[in-house]
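# Report on the structure
Chain residues, written in single-letter form:
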Amino acid sequence: EVQLQESGPSLVKPSQTLSLTCSVTGDSITSGYWNWIRKFPGNKLEYMGYISYSGSTYYNPSLKSRISITRDTSKNQYYLQLNSVTTEDTATYYCARGSGTWGLDYWGQGTTLTVSS
Amino acid sequence: QIVLTQSPAIMSASLGEEITLTCSASSSVSYMHWYQQKSGTSPKLLIYSTSNLASGVPSRFSGSGSGTFYSLTISSVEAEDAADYYCHQWSSWTFGGGTKLEIK
C-alpha cells in the first residue's frame with residue numbers, strides 16, 4: 001500500500017525558512033506526480049505545487065518566489081522549502097500523490113506548522 | 001487563475017436524504033475531483049475525473065458535470081458522511097472553498 005509521511009518542525013519563526021520532508025513507501029517517486037497542499041485555519045485548502053517523475057516542478061503562482069520542491073530518489077523522499085514565512089503560512093501541510101487524471105489518491109497524515117515569534 | 005465556488009457553504013441533511021453539492025468554475029474546465037475531509041483526518045479522494053468512484057468509496061456517492069458546473073450527489077445520507085467536501089481541479093491548481101455537511 002502507498003503511504004506518505006510528512007515530517008518537519010512544528011514551529012518556525014517569521015522570516016525563517018520552512019523545510020518539510022515527505023517520505024514515500026509503496027511507490028516510487030520516479031513515477032507519477034508528488035504534491036504539496038496546505039490547509040489553513042478556517043479550512044481553506046491551497047494547492048502549493050508538485051514535483052514530477054522526471055524532476056520537473058510546478059509551483060502555485062501565489063508562492064512562486066518563495067517555494068521550492070526537490071527530491072532525493074535514493075531515499076524516495078521529496079521536500080518542500082518555503083522561504084520568508086509569515087504568520088499567514090500557519091497551516092497543516094500535506095503531501096499527496098496524484099495527477100490530473102486520477103486525482104490526489106494518497107495523502108500523508110499532515111503536519112501542523114505554526115509561524116510565531 | 002480559475003476560481004472554484006462551492007455551494008452551499010453549509011448543508012444540513014437528514015439521514016436517508018439525497019443531497020447535491022455543487023462546484024462552479026470561473027472558466028470551463030474538463031474535469032473535477034471531489035474530496036471528503038473529516039475532522040482530524042486527511043482529505044480522502046471520493047470522485048476523480050468528474051464521475052469516477054475512487055477505490056473503496058460507497059456507491060451512494062456520485063459525481064457529474066461539465067464545463068463550468070459540477071456536482072457531487074449522495075443518494076442516501078448516512079451519519080458517517082458528516083464532513084467537509086471539496087472540489088479540486090488539478091490542472092488549475094485550485095480547490096473550492098468547501099461545503100460542510102451536517103447531519104440533522
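Structure: above.
Here's a quick rundown of the structure. (Residues numbered from 1 in each chain as written. Chains lettered and ligands numbered in written order. Predicted model: local features only at pLDDT ≥ 70, side-chain atom pairs only at ≥ 80, totals over all residues. Heavy atoms only, no water.)

## Quick word on the pairing of strand E4 (residues 33-39) of chain A
All names here are of chain A.
- Most of E4 sits inside the fold, with six of its seven residues counted as buried.
- As judged from the seven bridges shared by E4 and strand E5 (residues 45-52), these two strands associate in the antiparallel manner. For tyrosine 33, the partnering residue across the bridge sits in E5 and is serine 52.
- The turn joining E4 and E5, which pair antiparallel and follow one another in sequence, is formed by five residues; a positive phi near 100° is taken by glycine 42.
- Examined bridge by bridge, E4 and strand E9 (residues 91-99) share six bridges and lie antiparallel to one another. Looking at E9, one finds that tryptophan 36 is bridged to cysteine 95. (Buried < 20%, exposed > 50% of the residue type's maximum accessible area, 1.4 Å probe, protein only. Helix = DSSP H or I, 4+ residues; strand = E, 2+ residues; numbered from the N terminus. Pairing = 2+ DSSP bridges.)

## As for the sheet that holds strand E1 (residues 3-7) of chain A
Residues and elements named next belong to chain A.
- One open sheet accounts for four strands, arranged E1-E3-E8-E7; its pairing is antiparallel. Looking at which strands have only one partner, the edges of the open sheet turn out to be E1 and strand E7 (67-72). Looking at each pair of strands side by side, their axes are set apart by 20° on average, direction ignored.
- Sheet analysis places strand E3 (residues 18-25) next to strand E8 (residues 77-82), joined by six bridges and oriented antiparallel. By the bridge assignment, serine 23 is partnered in E8 with glutamine 77. (Axes fitted to C-alpha atoms, helices over the stretch in contact; angles between N-to-C directions.)

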